[in-house]
Amino acid sequence: MSKVEEFEELRPLLFSIAYRILGSVSEAEDAVQETWLRFDGSSTVPASTKAFLSTTVTRLSIDVLRSARVRREEYVGPWFPEPLLSDPYEDPARSAELADSVSMAALLLLERLSPLERAVFLLREVFAFEFHDIAESVDRSEAACRQLLVRARRHMHDGRPRFEADRHERQELATRFFDALQNGDVGGLRNLLSADVQLVGDGGGKAPNFARTILGADNVARLLGAVFPTLIEIDVTCEPHEVNGQPGAIYRDRDGKILQAVSLDVLDGQIQTIRAVLNPDKLAHLGPVADAWAITRELQQLRRRTT
């Protein structure tokens, strides 16, 4: 194969590695593009193209993550990864691990790790790389990588997210949830939520957002049942979609522009966490973004007229 063909064959894997390290679609795409430039500009033929490209994208991603950590410390409100609607990398033997590792909950848990721990953990636990390849990717000895993995596993163990094993049941519950949401069925919503459910939004200071995390089935059901039916009155539509490997939806304004991405964590037949990404910077890779402030003003005017 030509260089281009070799690279394109491995592009899905490279993006999946970079996204899980960075939690950002745009930064992952930049890392993959820089990896291509370095591969294309190299006159040396690597013994393994996969190893060379994986090493390059991993090192680039680690460098970007180190600088991104500083920015995240100054972030306004809760920080969530950029929503991913479909993971381009597929491995039938590891489909469950791949889906769960890209979830919002898993990516947020990875934030506990240092960049090196994060890279080693992902390469070994998610992508099943051998230790000699991991050592090359992070420029450490195999023994050091094993120690990094031990520490990463220890950090991840207690908080490891759990999800409903049956994907069909997850999706069926999500369908019922979004139907109840659009109908303003507070009782129906309450029945689908765990007692300690959390509703959290990421607006980054650039979109309207909850003043705090909303806790408890009653509080969440009442809030959602009051807000979302009024969105329908101003022609906001709900488009069910898998978000980061979990059930979710994309909300669009009357012009089809993206207002927010919502993902659900489902376990034991109930919704445990609802995460909404409203920060327009994190939605731009999905298409044109709606003006959330304008929609909020329209909602306020609608309520005043109704009152």
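Refer to the structure above for everything that follows.
Going along each chain's sequence as written, the residues are numbered from 1 onward. Confidence filtering applies because this is a predicted model: local features only for residues at pLDDT of at least 70, side-chain atom pairs given and counted only at 80 or more, and all residues used for totals across whole chains, interfaces and linings. In computing side-chain values, all of the structure's heavy atoms are included and hydrogens and water are not.

**Quick notes on the pattern of salt bridges**
When their charged atoms lie close together, side chains carrying opposite charge are able to pair. The rule for a salt bridge is simple: a side-chain nitrogen of Lys or Arg has to be within 4 Å of a carboxyl oxygen of Asp or Glu. All told, the structure shown has 19 salt bridges when counted by the stated rule. Residues Lys282 and Asp202 are paired through a salt bridge, measuring 2.6 Å at the closest nitrogen-oxygen approach. Separated by 80 residues along the polypeptide, Lys282 in the loop between strand E6 (270–277) and helix H12 (292–306) and Asp202 in strand E1 (residues 193–202) bring together distant segments of the chain. Overall, the relative accessible area of 0% leaves Asp202 in the buried class. A salt bridge links Arg254 to Glu298; the shortest N-O distance between them is 2.8 Å. Taken as a pair, Arg254 in the loop between strand E4 (248–252) and strand E5 (258–267) and Glu298 in helix H12 lie far apart in primary sequence, 44 residues in all. Burial classes: relative accessible area under 20% of the type maximum marks a residue as buried, over 50% as exposed, and values in between as partly exposed (1.4 Å probe, protein chains only). Using a relative accessible area of 46% as the deciding quantity, one classes Arg254 as partly exposed. Three or more residues are tied together by salt bridges with common partners; here these are Arg69, Arg72, Glu111 and Arg118. A run of H or I in DSSP becomes a helix once it reaches four residues, and a run of E becomes a strand once it reaches two; helices and strands are each numbered from the N terminus.

**A word on the nonpolar core**
Within the largest apolar cluster, 46 residues are counted, with the highest numbers of intra-cluster contacts made by Ile17, Tyr19 and Phe127. Sorting elements by how many residues they give to this core places helix H1 (residues 3–22) first, with 10 residues. Setting aside its immediate chain neighbours within four residues, Tyr19 contacts Ser24, Val25, Ala28, Pro81, Glu82, Pro83, Leu84, Val102, Leu107 and Asn244. The definition of a nonpolar core used throughout is a set of buried Ala, Val, Leu, Ile, Met, Phe, Trp, Tyr and Cys residues joined through side-chain atoms within 4.5 Å. Residues Val236, Ala249, Ala290 and Leu299 belong to the second largest nonpolar core, which totals 37 residues. When checking whether two residues touch, look at their non-hydrogen atoms; a contact exists if any pair is within 4.5 Å.

**As for the sheet that holds E4**
Strands sit in the order E2-E1-E6-E5-E4-E3 across an open sheet of 6 strands; the sheet is mixed. Either end of the sheet is taken by a strand with one partner, and the two such strands are strand E2 (214–215) and strand E3 (237–240). Paired strands are those between which DSSP finds at least two bridges. Sheet topology places E4 next to E5; 5 bridges connect them, and they run antiparallel. Counterpart to Gly248 in the pairing with E5 is Ser263. Fitting a line to C-alpha atoms yields each axis, with helices limited to the stretch in contact; the angle taken between N-to-C directions then spans 0 to 180 degrees. Running over the sheet, helix H11 (residues 217–233) touches E1, E2, E4, E5 and E6 and is turned about 50 degrees from E1.

**Some words on the packing of helix H9 (residues 167–183) against H11**
Look at H9 against H11: their axes get within 6 Å of each other, and the N-to-C directions meet at 75 degrees. With respect to H11, the axis of H9 lies roughly perpendicular. Where H9 abuts H11, its residues Phe177, Leu181, Gln182 and Asn183 lie against Leu224, Phe228, Pro229 and Ile232. Throughout, the ten residues Ala, Val, Leu, Ile, Met, Phe, Trp, Tyr, Cys and Pro are labelled nonpolar, Asp, Glu, Lys and Arg are labelled charged, and all others, Gly among them, are labelled polar. Here the residues of the contact of H9 with H11 sort into 6 nonpolar, 2 polar and no charged. Should an angle fall under 35 degrees it is called roughly parallel, over 145 degrees roughly antiparallel, and 65 to 115 degrees roughly perpendicular, with every other angle called oblique.

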